[in-house]
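Chain by chain, the residues run as shown.
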Amino acid sequence: MIIKKRTIQTLASMMLCCLIATAYAKRIPNLEAKSLTGTPEKVAALRGSIAFINFWATWCGPCKEEMPRLAKLKDEYSANGIRFVAISVDEPKTRARIEPFLKLQNIDMEVWVGGNLDMLTRAGLGNVLPATIIIDQQGEIIGRIMGEAKDEDIKSRLDWLLNGRQGPAPDPTLKRY
């Protein structure tokens, strides 16, 4: 069987794209928090789904602006099985503000409490809020967004995963601060 030079080049390019995307991936650390009702939650339990995980706080101005947009994106993408989780880094003394904020803004997202700066560091997000990680079905981080995410930042990563990683991989790390 004769394989043309062009075919070999095409195959090599495709393999390189896959290797580059894999090189940026990193398994999500097993972060733990609690649901608003007090049920223990683990990020590792999100494996098997594409997941969007946002760290935020009620005292963070950009977080409060971002959350309603995230809720709309959650509504848009949840039919595709994507999980949207917002992990609050509010300290116990300010946690009472979370549910009234969610209700006032009509935000219907999965919200966990008990986040902290150590979690942000372990996820490779530094110490800036808001901060986001997007993980694939295998629990690999394929995107980090430090600062307030724009809709196109989120959609490009989610669409890339939903479309079987077709085309070039989105930038694995964005800084929006």
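Everything quoted here is computed from the prediction, not taken from an experiment.

(A) Local environment of unusual backbone geometry. Cis rather than trans, the peptide bond between Leu129 and Pro130 has omega equal to -10 degrees. Following the sequence through the fold, Pro130 ends up in the loop between α4 (117–122) and β7 (131–135). Here Asn106, not a glycine, exhibits a phi torsion of approximately 55 degrees, which is positive. With respect to the helices and strands, the residue Asn106 is situated in the loop between α3 (98–104) and β6 (110–113).

(B) Seen up close, helix α2 (residues 61–77). Taking 1.5 Å of rise per residue, 17 residues should cover 24 Å, and α2 covers 25 Å from first to last C-alpha, within 8% of that figure. Maximum bend of α2: about 30 degrees, positioned at Met67, with proline Pro68 one to four residues after it. Those residues of α2 that fall on the buried side of the exposure criterion are Cys63, Glu66, Met67, Leu70, Ala71, Leu73, Lys74 and Tyr77. Buried residues along α2 sit against β4 (51–56), β5 (83–88), α3, β8 (140–147) and α5 (151–162).

(C) Structural detail: the pairing of β6. The pairing of strand β2 (residues 32–35) with β6 spans 2 bridges and is antiparallel. Its bridge partner lying in β6, Lys34 is registered against Val113. As paired strands, β5 and β6 are joined by 4 bridges and run parallel to one another. What sits directly across from Ala86, in β6, is Val111. Taken together, β5, α3 and β6 form a β-α-β motif whose crossover is right-handed.

(D) Region of the structure containing α5. Given a rise of 1.5 Å per residue, 12 residues ought to cover 16 Å, and the 16 Å separating the end C-alpha atoms of α5 matches this to within 8%. Here α5 has its buried residues at Asp153, Ile154, Arg157, Leu158, Trp160 and Leu161. Axial view of α5: buried residues confined to an arc of 160 degrees, hence all on one face. Directly beyond the C-terminal end of α5, a positive phi value near 70 degrees is found at Gly164.

(E) Region of the structure containing the nonpolar core. The biggest cluster of nonpolar side chains holds 52 residues, and the ones touching the most others in it are Ile53, Phe55 and Trp56. The element contributing the most residues to this core is α2, with 6 residues. Not counting the four nearest positions on each side in its chain, Phe55 is found in contact with Leu31, Ile87, Val89, Met119, Leu120, Leu125, Leu129, Pro130 and Ala131.

(F) Fine view of the state of the cysteines. All chains considered together, the criterion is met by 1 disulfide. Disulfide partner of Cys60: Cys63, at an S-S distance of 2.4 Å. Its S-S torsion of about 75 degrees marks the bond between Cys60 and Cys63 as right-handed, since a negative value means left-handed. Taken as a pair, Cys60 and Cys63 share a single burial class, namely buried.

Here is what the cut-offs are and how they apply
Residues numbered from 1 in each chain as written. Predicted model: local features only at pLDDT ≥ 70, side-chain atom pairs only at ≥ 80, totals over all residues. Heavy atoms only, no water. Helix = DSSP H or I, 4+ residues; strand = E, 2+ residues; numbered from the N terminus. Expected span 1.5 Å × (residues − 1). Bend = angle between axes of the 7 residues up to and from the residue. Buried < 20%, exposed > 50% of the residue type's maximum accessible area, 1.4 Å probe, protein only. Contact = heavy atoms within 4.5 Å. Pairing = 2+ DSSP bridges. Right-handed = clockwise from strand over helix to strand, strands pointing away. Arc of directions from axis to C-beta. Core = buried A, V, L, I, M, F, W, Y, C linked by side-chain atoms within 4.5 Å. Disulfide = S-S within 2.5 Å.

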